[in-house]
Amino acid sequence: SLQSQTFRDSMKRSGLTHLVAVSGANFAIISFFLLWCMQWLFRSLKVRLVFTAVALACFIALVRPSPSVLRAAAMACVVLFAKGFGSRADPIPALGFAIAAVVLGDPWQARDPGFALSVLATAGLLLLAPRISGALSKYIRQSWAEAISVPIAAVVMCAPILVALAGYLGLMTVLANLLVAPAVAPITIVGFIAALLSPIAAPLTHVLLLLIHLPAAWIAGVAHWAAHFPVLQIGKGIFGFLFVCIALILFFKVRRGFLIAILVVTMSISWLARWPGGEWEIANCDVGQGDSLVINLGGHNAIAIDAGPDAQLEDRCLSALGIQRIVLLVLTHFHADHVEGVVGLLHKRKVENLWIGNGVDPEIETRRVARWLKGVPRTIVGKGTSVVIPSFRGPITMKVLWPDFGEPQCQEGATEGTSINNTSIVHDIRAPDFSLLAPGDIEPCPQGRLVGAKVDIYKVSHHGSAYQDFGLLSHLSPTISIISVGAANSYGHPAPQTVAALARLRSRIYRTDLLGSIAIKARNHRFTVRTMGGAWWKKVRLG
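In this text the structure is predicted, and so the values were computed from the model without any measurement.

About the cut-offs
- Residue numbering note: each chain is counted from 1, following its sequence as written.
- Local features in this predicted model are restricted to residues of pLDDT 70 or higher, and side-chain atom pairs are both shown and tallied only at a pLDDT of 80 or more, whereas totals for entire chains, interfaces and linings draw on every residue.
- With hydrogens and water stripped out, all remaining heavy atoms of the structure feed into the side-chain values.
- The term disulfide is used for any two cysteine sulfur atoms that are within 2.5 Å.
- A helix here means a DSSP run of H or I that spans at least four residues, while a strand means a run of E at least two residues long, and both kinds are numbered starting from the N terminus.
- Pairing of aromatic rings covers Phe, Tyr and Trp, the last through its six-membered ring, and needs centres within 6.5 Å; plane angles under 30 degrees mean stacked, over 60 mean edge-to-face, and all others mean tilted.
- Residue exposure (1.4 Å probe, protein chains only): buried if accessible area is under 20% of the type maximum, exposed if over 50%, otherwise partly exposed.
- Salt bridges are defined by distance alone: a side-chain nitrogen of Lys or Arg within 4 Å of a carboxyl oxygen of Asp or Glu.
- We treat two strands as partners when DSSP finds at least two bridges between them.
- Each axis is a line fitted through C-alpha atoms, and for a helix only the stretch in contact is used; angles between axes span 0 to 180 degrees, taken between their N-to-C directions.
- Note on charges: Lys and Arg go in the positive column, Asp and Glu in the negative column, and His and the chain ends are not counted at all.
- Pairs of N or O atoms within 3.5 Å make up the polar contacts considered here, provided that, within protein, one atom can donate a hydrogen while the other can accept it, and that residues adjacent in sequence are counted only when both atoms are side-chain atoms.
- Contacts are assigned to residue pairs with any non-hydrogen atoms lying within 4.5 Å of each other.
- In this context, the arc is that of the directions from the helix axis out to the C-beta atoms.

K.L.:
Would you explain the state of the cysteines in this entry?
P.N.:
A disulfide bridge is the covalent bond that connects two cysteines by way of their sulfur atoms. This model, assessed by the stated rule, comprises one disulfide. With its sulfur 2.0 Å from that of its partner, Cys 285 forms a disulfide with Cys 317. Sign of the S-S torsion, about -80 degrees for the bond between Cys 285 and Cys 317, identifies this disulfide as left-handed. Of this pair, Cys 285 sits in the loop between strand 3 (282-284) and strand 4 (293-298) while Cys 317 is found in helix 13 (residues 311-321), placing the two residues 32 residues apart along the sequence.

K.L.:
Would you take a moment to explain the packing of aromatic side chains for this structure?
P.N.:
Any pair of aromatic rings gets described here by the distance separating the centres and the angle formed by the planes. Taken as a whole, this structure holds one aromatic pair when the rule is applied. Here Phe 59 and Phe 192 contribute two aromatic rings whose centre-to-centre distance is 5.2 Å and whose plane-to-plane angle is 90 degrees, an arrangement assigned as edge-to-face. Of the two residues, Phe 59 is situated in helix 3 (residues 45-63) and Phe 192 in helix 8 (residues 173-197); the sequence distance between them amounts to 133 residues. Judged by its relative accessible area of 7%, Phe 59 falls in the buried class. Under the relative-accessibility criterion, Phe 192 is labelled buried at 8%.

K.L.:
Would you mind going over the pattern of salt bridges with me for this structure?
P.N.:
Charged atoms that come close allow side chains of opposite charge to pair. Overall, the coordinates contain 12 salt bridges when judged by the stated rule. Residue Arg 349 pairs with Asp 315 through a salt bridge whose shortest N-O separation is 2.9 Å. Within this pair, whereas Arg 349 is found in the loop between helix 15 (342-345) and strand 7 (350-351), its partner Asp 315 is found in helix 13, the two being separated by 34 residues in sequence. With respect to burial, Arg 349 and Asp 315 carry one shared label: buried. With its nearest N and O atoms 3.0 Å apart, the salt bridge here joins Asp 433 to Arg 393. Remark: Arg 393 occurs in the loop between strand 10 (386-389) and strand 11 (396-402) and Asp 433 occurs in the loop between strand 12 (426-430) and strand 13 (435-438); sequence separation between them is 40 residues. Through salt bridges with shared partners, a single ionic network connects Glu 279, Glu 281 and Arg 523.

K.L.:
How should I be thinking about the sheet that holds strand 15 (residues 480-483) in this particular structure?
P.N.:
Through backbone hydrogen bonds, the strands of a sheet pair up, either in parallel or in antiparallel fashion. Taking strand neighbours across the sheet as the criterion, the seven strands line up as 10-11-12-13-14-15-16 in an open arrangement whose pairing is mixed. Two strands close off the open sheet at either side, each with one partner strand: strand 10 and strand 16 (508-511). Direction aside, neighbouring strands of the sheet carry axes that sit 15 degrees apart on average. In this sheet, strand 11 lies alongside strand 10 in antiparallel orientation, the contact comprising four bridges. When the sheet's bridge partners are listed, Ser 386 is paired in strand 11 with Lys 399.

K.L.:
Where do I start with the side chain of Glu 314 in this structure?
P.N.:
With respect to the helices and strands, the residue Glu 314 is situated in helix 13. Put simply, Glu 314 is tucked away with no salt bridge, and the nearest opposite charge, on Arg 349, sits 7.1 Å away. Within polar-contact distance, the side chain of Glu 314 engages the side chain of Ser 292 at 2.7 Å. In this structure Glu 314 touches Val 287, Ser 292, Asp 306, Ala 307, Gly 308, Gly 341, Gly 344 and Leu 345, once residues within four positions along its chain are discounted.

K.L.:
Any chance you could explain unusual backbone geometry here in plain terms?
P.N.:
Leaving glycine aside, a negative phi is the common case for residues, and trans is the common case for peptide bonds. Of note, the bond from Trp 402 into Pro 403 is cis; its omega dihedral lies within 30 degrees of zero at 10 degrees. By the secondary structure assignment, Pro 403 is in the loop between strand 11 and helix 17 (416-421). Here the residue pair His 493 and Pro 494 is connected by a cis peptide bond, since its omega of -5 degrees sits within 30 degrees of zero. A positive phi angle is found at His 463, which is not glycine, with a value near 60 degrees. Mapped onto the fold, His 463 is located in the loop between strand 14 (457-459) and helix 19 (470-476). Under the relative-accessibility criterion, His 463 is labelled buried at 2%. With a phi close to 50 degrees, Ala 488 is a non-glycine residue in the positive phi region. Along the chain, Ala 488 falls in the loop between strand 15 and helix 20 (496-504).

K.L.:
Sorry if this is basic, but what is going on with helix 20 here?
P.N.:
Residue pairs three or four apart in sequence face the same way in an α-helix, which turns once every 3.6 residues. Residues of helix 20 that are buried: Thr 498, Ala 501 and Leu 502. Each buried residue of helix 20 lies within a common arc of 95 degrees when the element is viewed along its axis, so the set occupies one face. When the buried face of helix 20 is taken as reference, the exposed residues oriented beyond 90 degrees from it are Pro 496 and Arg 504. Where helix 20 is buried, its residues meet helix 19, strand 15 and strand 16. Once helix 20 finishes, Arg 506 follows within two positions and takes phi at roughly 60 degrees, a positive value.

Purely spatial values, then, with no claim about function.
Quick look at the structure:
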């Protein structure tokens, strides 16, 4: 519950999310540790297993007997059974029994992806890990082979479900799991002991928790590191599931020589799936419920309009785009979903100039931005401000259409949020190959006062909310409409009526909540669009 969104995203992208939930691995670690300890007290294996079962019951009580915990305990019992009886028992029927017991106890578990992942991970540990360990032991030490085989087996067996859910497979997942594997057991065991001692020895508990701070920090560090690497975009749902299943079948059934060909194909798909995929002129970063638009100037230079709410997502997007220097940063207004990502934008990058409006609310964000961008030359801009910036495709002209300091501000029906939204800087951007209107979060009143020409690309105001001047939309008649919005947001963005109005204009709509980050290549007002969340074969050309 205390995990930040950045940490959750890193754990998911690096394939380490399973470490933040109680799993069969935690139960197995505790079980093996107790079995090892009790060998000094009891000679009989059966007695040791009984005491271990009692300890597992205590562990369930500690972490609460939720369905996922009971499921993990059932899977761990299978592994414990297999290890305890060795060659005298077949673990596969035990796994089948555990599956049946869980489903009979709670039939809805059969529809839970977590249940499928738990079963597959356990099956990988029982079926695949010994084969992988045997193959690797020919080349490396047996202990190393056994350690490496466990995360590989789990990732391989779970890959079809993971891809079906996420649409991608992290290329660094196996390596990330290998790097953190040594830290999992100490955290689990020492944390369990600390929990047991906390009622009677609080100071000792504090010392134990300090000891496992380092391995925990190591896991977080590996997750943040691995999250910066590209992922293999495949596709969600049944297609992704079948694609990975077929690939795994081919991998295990074909001859060794053919495996090289499969590896080459996989690397080729990874290259094709990269984002932004070569040349691009405009990119809209997927930063969740917020805005971040980037215009490519060439030579790793760019114009950035807003920075979104998440520093890591902003940094990751700019890194994927190869941006090292921000020639001009425009912060349309100071709502957190437009400025909190400035820290990520500044990571290993230099900002040369800053444009802001005359609004100062909310003051807390204004002060934070001023501290982060201290020393960067800044200009307060309004209607009529313009600049021409050279780029690798020719000069780019940016003209400010709003706010208009000579007119009274829009106040009708204005709430505090609306008042701040209506101070947004609105840009009309013209380049040899495209035209773009970026209106920030302005609402109907200032939209109705805008005077401008038609545009190729419209970054829909206020994340596609219902507060639109539909006359302006009709006047702009954009070829492409970009809606920068967070998935399953609580605001209901984008509004169905806004999407419907754009569809009636036959504008091609690209939403970050559905497609991820968006990159547009423009050539003489003809466009190729590539999305990070879409599959590599879905590149769209518009003319």
